[in-house]
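The lines below spell out each chain.
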Amino acid sequence: MVNSDAGPAVGPIEAKWPDVRRIAVLRGGGLGDLLFAVPAMAALRAAYPDAEIVLLGTELHRELFAGRPSPVTEVRPLPPYENVHEPAGKPFDAAEQQAWFDALKPVDLAVQLHGGGRNSNPFLRRLEPRYLVGARTPDAAEADRWLPFRYYQHEVLRALEVAGLAGARPVELEPSIAVTDADRAAADEVLEGLPEPLVVVHPGAGDPRRRWPAERFAEIAAKLAAGGRGVVVIGAPDERELVERVAGLAGPPVRALTSLSMSALVGVLDRCSAFAGNDSGPRHLAAAVGAPTVSVYWMGNVVNAGPLSRSRHRLLISWTANCPVCGVDCTREDLPRCEHDDSFVATVPVEDVLGELEELLAGR
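Residues numbered from 1 in each chain as written. Predicted model: local features only at pLDDT ≥ 70, side-chain atom pairs only at ≥ 80, totals over all residues. Heavy atoms only, no water.

## Considering the overall build of the protein chain
Then, number 1: Looking only at helices and strands, one finds twelve helices and twelve strands in the protein chain.
Then, number 2: For the protein chain, the C-alpha radius of gyration of 21 Å lies close to 21 Å, the compact-globule estimate for 364 residues.
Then, number 3: Each of the 364 residues in the protein chain was classed as buried or not, and the buried ones make up 55%.
Then, number 4: Long-range contacts, defined here as pairs at least 24 residues apart, represent 62% of the contacts in the protein chain between residues at least 6 apart.
Then, number 5: In the form shown here, the protein chain has an accessible surface area of approximately 15500 Å², with 52% of it arising from carbon and sulfur atoms.
Then, number 6: The positive charge centre, built from 37 side chains, and the negative charge centre, built from 49, are 3 Å apart in the protein chain. (Helix = DSSP H or I, 4+ residues; strand = E, 2+ residues; numbered from the N terminus. Rg over C-alpha atoms; globule rule 2.2 N^0.38 Å. Buried < 20%, exposed > 50% of the residue type's maximum accessible area, 1.4 Å probe, protein only. Contact = heavy atoms within 4.5 Å. Areas by Shrake-Rupley, 256 points an atom, 1.4 Å probe, with all protein chains shown as cover. Lys, Arg positive; Asp, Glu negative; His and termini not counted. Charge placed at Lys NZ, Arg CZ, Asp CG, Glu CD.)

## Considerations on helix H6 (residues 181-191)
Then, number 1: Within H6 the residues assigned to the buried category are Asp183, Ala186, Ala187 and Leu191. Down the axis, H6 shows its buried residues gathered within 125 degrees of arc, on one side only. Facing away from the buried surface of H6 by more than 90 degrees, the exposed residues are Asp181 and Glu189.
Then, number 2: Here the buried face of H6 lies against strand S7 (198-202), strand S8 (230-234), strand S9 (255-257) and helix H9 (262-271).
Then, number 3: In the stretch just after H6, Gly193 is the one whose phi turns positive, near 90 degrees. (Arc of directions from axis to C-beta.)

## Things to note about the pairing of S7
Each regular strand displays side chains that alternate between the two surfaces of the sheet.
Then, number 1: By the criterion of burial, S7 is predominantly enclosed, with five of the five residues buried.
Then, number 2: Here S7 shows two buried faces, one formed by Leu198, Val200 and His202 and the other by Val199 and Val201.
Then, number 3: Alignment of S7 against S8, held across four bridges, turns out to be parallel. When the sheet's bridge partners are listed, Leu198 is paired in S8 with Gly230. (Pairing = 2+ DSSP bridges.)

## A short note on the sheet that holds S8
Then, number 1: Ordered by their spatial adjacency, six strands build an open sheet running S9-S8-S7-S10-S11-S12, and the pairing between neighbours is parallel. Both outer strands of the open sheet, S9 and strand S12 (313-318), are each paired with one neighbouring strand and no more. Taking each pair of neighbouring strands and ignoring which way they run, the sheet shows an average axis angle of 20 degrees.
Then, number 2: Pairing geometry for S8 and S9, over three bridges, is parallel. Note on S9: the bridge partner recorded for Ile234 is Leu257.
Then, number 3: The strands that helix H7 (residues 214-226) touches are S7, S8 and strand S10 (274-278); relative to S10, the one it contacts most, it runs at about 170 degrees. (Axes fitted to C-alpha atoms, helices over the stretch in contact; angles between N-to-C directions.)

## Describing the nonpolar core
Then, number 1: Formed by 65 residues in total, the largest nonpolar core has its most connected members in Leu109 and Leu285.
Then, number 2: Top element by residues in this core is helix H1 (residues 31-47). It accounts for eleven residues.
Then, number 3: Once residues lying within four places of it in the same chain are set aside, the contact partners of Leu285 are Leu31, Leu35, Leu64, Ile177, Met262, Leu265, Val266 and Leu269.
Then, number 4: Judged by nonpolar contacts, the second largest core, of 36 residues, contains Ala214, Ala225, Val246 and Ala276. (Core = buried A, V, L, I, M, F, W, Y, C linked by side-chain atoms within 4.5 Å.)

## Considering the pairing of strand S3 (residues 74-77)
Then, number 1: Judged by which residues are buried, S3 turns out to be one-sided: Val75 and Pro77 face inward and are buried, whereas Glu74 and Arg76, on the alternate face, are not.
Then, number 2: Relative to S3, strand S2 (residues 52-57) runs parallel, the two being bridged by four bridges. Bridge assignment links Leu55 to a residue of S3, and that residue is Val75.
Then, number 3: Where the polypeptide runs from S2 across helix H2 (residues 59-65) and back to S3, its parallel neighbour, the crossover connection is right-handed. (Right-handed = clockwise from strand over helix to strand, strands pointing away.)

## Some thoughts on a nonpolar patch on the surface
Then, number 1: A surface patch of nonpolar side chains, amounting to about 240 Å² of accessible area, comprises Tyr151, Tyr152 and Val303.
Then, number 2: With relative accessibility at 39%, the residue Val303 sits in the partly exposed group. (Patch = residues over 30% accessible without salt bridge, like charges linked within 9 Å, V, L, I, M, F, W, Y side chains within 5 Å. Salt bridge = Lys/Arg side-chain N within 4 Å of Asp/Glu carboxyl O.)

## A word on the layout of surface pockets
Then, number 1: Of the voids in this model, the second largest pocket is the one considered here, and its volume is about 190 Å³.
Then, number 2: If you go around the second largest pocket, you meet 16 residues; those closest to its centre are Glu174, Pro175, Arg283, Ala287 and Pro307.
Then, number 3: At the level of secondary structure, the elements contributing two or more residues to the lining of the second largest pocket comprise H1 and helix H10 (281-288).
Then, number 4: Counting residues per element, the lining of the second largest pocket draws most heavily on H10, which supplies four residues.
Then, number 5: Here the lining of the second largest pocket is composed, by residue class, of ten nonpolar, four polar and two charged. (1 Å grid on protein atoms, 1.4 Å probe; cavity = no way out; pocket = protein on both sides within 12 Å on 5 of 7 lines; lining within 4 Å. Points joined across faces, edges and corners; volume = space filled by probe spheres on them. Nonpolar A, V, L, I, M, F, W, Y, C, P; charged D, E, K, R; others polar.)

On their own, these measurements won't tell you what the molecule is for.
Here is the structure:
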């Protein structure tokens, strides 16, 4: 039965289930992966306002939602679990896993936003939910309501379509994250002495093939700083070498920041007048707190993760279809990934990125 209430929809909006008091949402992965699921969780909150929504995610996700308004009641970090959550150096422990499942029960509705369901659907079934919705590949176990998983679909829209299977209509199409006074105070400490407007540069990305060359980021950082803008280069601790290289090539007064708390990161992104980066978690977080962004994307990632609007979010696309080293077709999901990590986005010119940044900074 399809819910016929008027309103926006991504796919069918099925009838809501009665007596749903506890919802478990599975969405692991990095910061960007989480943010793609935020509009779906907002839809679930609106559809089931009295239910607890428990995000099954990571410590990083818990850190982001701590102390700020969100659709989520709580975050339960996933245990190490084969093909679902595999943190480096953490063994799989059957007793630990069972205790984790037992502590979460009872669950009325399980929402699978973690891929095609081959491993995540059986994982959620261990919670013994009354209802399960999600996407599935042909070889995955069925959910109570499901949609076919096809790789090339925008992650936000896929998650919203899954939420629609549970009767949840969209209330937002782009992720949003609330900014707190604590975030702003943390940003004030690390940005002291920098002029405004502030430009934040993030040269990293989880997949090295998505990284625009460090020298290009350094060039735009230097030019923006020479024009009187405050410029910071940010990154996680494991990106320190890259961040310091970009800041070093750009030269003073460009500042490197690699030890930001999550609260400080949110505050810094909230303060910036423009963000420049690759397709990465910090880029998606910048957009979610309202910062204008200029992003360098490989064409395939635009389909799954590109910004939807263009007034505040500008996109420079590399149309590289084959690995620059071995020539393998990179657009086909049925082919294994080649071993090369060379950039797929190096064809994007500096002047194009700089031009978009200047337009945003000029308010155009």
